[in-house]
Amino acid sequence: MILSAQALCCQRGGRSIFEGLGFSVAGGEALLVTGRNGAGKSSLLRMIAGLLRIAGGTLSLAGGDSERSIGEQAHYLGHSDALKPALTVEENLAFWAAWLGGGGEPPLEALGAVGLDSLAGLPAAYLTAGQKRRLSIARLVAVKRPLWLLDEPTSALDTASQAVLLDLMRGHLAGGGMMIAATHLPLGIDGARELRLERDA
């Protein structure tokens, strides 16, 4: 499986964010998108996820499901944790697992993978910022998809939780998955390539 971009252009609010961008990511590979705030890192991930219109160029996924869009074959983990405060931790994850098609670990086991199984019955409103982030990360375990699009994935995570995430990322890549992560910090992924966006904020 190979995700390829050719001459990709992004426009927001009538101005060009980036243009002529090209890259490819194959199964088992990670691409780290770096650059200053406002350079277009988040916009690129949202474009790949199908949440932002492509202003020019092409995106293609060879070896994927031809009947599904690239976004439908990807996990997008953005800045918002997309949780219902009144639902419990397990109910939130069960909803997303059902909505996104499942195929991964059962919700309670996915929560255990990120150290939240003991809080399964707690309303999400009572979670800390780091716990909410870990609940979002649990979706990566509960729903199996080949492409992970991660926007500042270590945000709000303590050192121990960052180590858990690193193990999950390494396991995903070892299983032939692909990952594109927008980050200001090294993630500890051996062999990861860097795509640097140069535009100033």
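Calculation notes
Residues numbered from 1 in each chain as written. Predicted model: local features only at pLDDT ≥ 70, side-chain atom pairs only at ≥ 80, totals over all residues. Heavy atoms only, no water. Buried < 20%, exposed > 50% of the residue type's maximum accessible area, 1.4 Å probe, protein only. Helix = DSSP H or I, 4+ residues; strand = E, 2+ residues; numbered from the N terminus. Pairing = 2+ DSSP bridges. Phe/Tyr/Trp six-rings, centres within 6.5 Å; stacked < 30°, edge-to-face > 60°. Expected span 1.5 Å × (residues − 1). Arc of directions from axis to C-beta. Contact = heavy atoms within 4.5 Å. Salt bridge = Lys/Arg side-chain N within 4 Å of Asp/Glu carboxyl O.

### Section: the pairing of strand S3 (residues 30-35)
Of all 6 residues in S3, 6 are buried, a share of seventy percent or more. The alternating pattern of S3 places Ala30, Leu32 and Thr34 on one face and Leu31, Val33 and Gly35 on the opposite face, and all of these are buried. One ladder, built from 4 bridges, connects S3 with strand S7 (residues 178-182); its direction is parallel. The residue bridging leucine 31 from the neighbouring strand is isoleucine 180, located in S7. As judged from the 5 bridges shared by S3 and strand S8 (residues 193-197), these two strands associate in the parallel manner. Residue pairing in the sheet places leucine 31 in a bridge with arginine 193 of S8.

### Digging into the side chain of asparagine 92
Within the element layout of this structure, asparagine 92 appears in helix H2 (residues 89-100). In this structure asparagine 92 comes out as buried when scored by relative accessible area, which is 2%.

### Quick notes on the packing of aromatic side chains
With the rule as written, the count across this model stands at 2 aromatic pairs. Relative to tryptophan 99, the ring of phenylalanine 95 lies with its centre 6.2 Å away and its plane at 15°, an arrangement referred to as stacked. Note that phenylalanine 95 and tryptophan 99 are positioned in helix H2 at a spacing of 4 residues, about one turn of the helix. Residue classification places phenylalanine 95 among the partly exposed positions, given a relative accessible area of 44%. Each member of the aromatic cluster is reached from another via a ring pair, and the members are Phe95, Trp96 and Trp99.

### A short note on helix H1 (residues 41-48)
For the α-helix, the turn length of 3.6 residues means that residues three or four positions removed from each other point alike. Buried residues dominate H1, accounting for 6 of its 8 residues. Three or more residues of H1 are buried, namely Lys41, Ser43, Leu44, Leu45, Met47 and Ile48. Positive phi shows up at glycine 50, right after H1, with a value of about 85°.

### Quick look at H2
Across its 12 residues, H2 extends 17 Å between first and last C-alpha, which sits within 8% of the 16 Å expected from 1.5 Å per residue. Within H2, burial applies to Val89, Asn92, Leu93 and Ala97. Projected down its long axis, H2 carries its buried residues within an arc of 130°, all on one side. Across from the buried face of H2, at angles greater than 90 degrees, the exposed residues are Ala98 and Trp99. Lining the buried residues of H2 we find helix H3 (107-113) and helix H4 (129-142). Once H2 finishes, glycine 101 follows within two positions and takes phi at roughly 100°, a positive value.

### Concerning the pattern of salt bridges
One pass over the structure, following the stated rule, counts 3 salt bridges. Here glutamate 29 and arginine 193 are joined by a salt bridge, their closest N and O atoms 3.3 Å apart. Of this pair, glutamate 29 sits in the loop between strand S2 (15-26) and S3 while arginine 193 is found in strand S8, placing the two residues 164 residues apart along the sequence. Between glutamate 198 and arginine 196 there is a salt bridge, with its nearest N and O atoms 3.6 Å apart. Looking at glutamate 198, the relative accessible area reads 57%, which means it is exposed. Classification of arginine 196 as partly exposed rests on a relative accessible area of 43%.

The values reported here are purely geometric and, on their own, carry no functional implication.
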